[in-house]
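# Geometric and topological summary
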Amino acid sequence: MPALFLNLLKLIFIALIYLFLWQIGRSIGAHIGPSQSVRRSKKGGELVVVRSDSIAGQRFPIGAPAVLGRSEDADIYVDDAYASEFHVRIGMQDDSVVLSDLGSTNGTYVNGRRVTVPTSLQKGDAVQIGKTILEVR
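All of the points below concern the structure found in this document.

What counts, and where the lines are drawn
- Residues numbered from 1 in each chain as written.
- Predicted model: local features only at pLDDT ≥ 70, side-chain atom pairs only at ≥ 80, totals over all residues.
- Heavy atoms only, no water.
- Patch = residues over 30% accessible without salt bridge, like charges linked within 9 Å, V, L, I, M, F, W, Y side chains within 5 Å.
- Areas by Shrake-Rupley, 256 points an atom, 1.4 Å probe, with all protein chains shown as cover.
- Salt bridge = Lys/Arg side-chain N within 4 Å of Asp/Glu carboxyl O.
- Helix = DSSP H or I, 4+ residues; strand = E, 2+ residues; numbered from the N terminus.
- Buried < 20%, exposed > 50% of the residue type's maximum accessible area, 1.4 Å probe, protein only.
- Pairing = 2+ DSSP bridges.
- Axes fitted to C-alpha atoms, helices over the stretch in contact; angles between N-to-C directions.
- Contact = heavy atoms within 4.5 Å.
- Core = buried A, V, L, I, M, F, W, Y, C linked by side-chain atoms within 4.5 Å.

Attention now goes to a nonpolar patch on the surface. A surface patch of nonpolar side chains, amounting to about 940 Å² of accessible area, comprises Phe13, Ile14, Ile17, Tyr18, Phe20, Leu21, Ile24, Ile28 and Ile32. Looking at the element boundaries, Ile32 is found in helix H1 (residues 2-32). We classify Ile32 as exposed; its relative accessible area is 61%.

Quick look at the structure:
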């Protein structure tokens, strides 16, 4: 009887490991990027930096997906101590602007609400990355 019980525990343990790895795979897949159905649209908007210590007033066109963050390797450099190195991805998907948080430490906020899943943006929406606030126009 103890051998049967130990074998059952081994199977449950292996199943939990596979479940854990499956969840990690799903999480990584969600952060890799938009699906293959991304269309390059010419009628994208732009991001305007409304409040920032160093880049206030700058404008960035929204088109192909771009990564915003504190890293020099990010597509759009955000000079903010509270921003992660690769903080957020923003771009056009199916003729709408889509924002995806890339697992940032301090989070990304749209109109004051924390974003945890890819979110469609409308003109006039405020995006907060650390202390920096951008507006979609």
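The strand order across the open sheet built from six strands is S2-S1-S11-S10-S7-S8, with neighbouring strands paired in antiparallel fashion. Edge positions in the open sheet fall to strand S2 (59-61) and strand S8 (113-115), since each of these has one partner strand only. Each adjacent strand pair in this sheet contributes to an overall mean axis angle of 30°, direction not counted. Pairing analysis gives three bridges linking strand S7 (residues 108-110) to strand S10 (residues 126-129), with the strands arranged antiparallel. Following the sheet pairing, Thr108 is matched in S10 by Ile129.

Here we come to the pattern of salt bridges. Considering all chains together, one arrives at two salt bridges under this definition. The salt bridge partner of Arg59 is Glu46, with a shortest N-O separation of 2.5 Å. On the criterion of sequence distance, the pair formed by Arg59 in strand S2 and Glu46 in strand S1 (residues 46-51) is long-range, its members being 13 residues apart. With a relative accessible area of 47%, Arg59 lands in the partly exposed category. Here Arg137 ties to Glu135 by a salt bridge, and the two come within 3.3 Å at their closest N and O atoms.

This paragraph deals with the environment of Ala74. Within the secondary structure, Ala74 is located in the loop between strand S3 (66-69) and strand S4 (76-77). Spatially, the C-alpha atom of Ala74 lies 14 Å from that of Ser100, the residues being 26 residues apart in sequence. When sequence neighbours within four positions are dropped, the list of residues in contact with Ala74 reads Val67, Leu68, Gly69, Glu85 and Phe86.

Now for the sheet that holds S4. Within the open sheet, the five strands sit side by side as S4-S3-S5-S6-S9. Their pairing is mixed. Either end of the sheet is taken by a strand with one partner, and the two such strands are S4 and strand S9 (119-121).

This part covers the nonpolar core. Leu47, Leu68, Ile90, Leu99, Leu121 and Ile129 are the most contacted members of the largest nonpolar core, which has 22 residues in total. Those elements giving two or more residues to this core turn out to be S1, S3, strand S5 (88-93), strand S6 (96-101), S10 and strand S11 (132-136).

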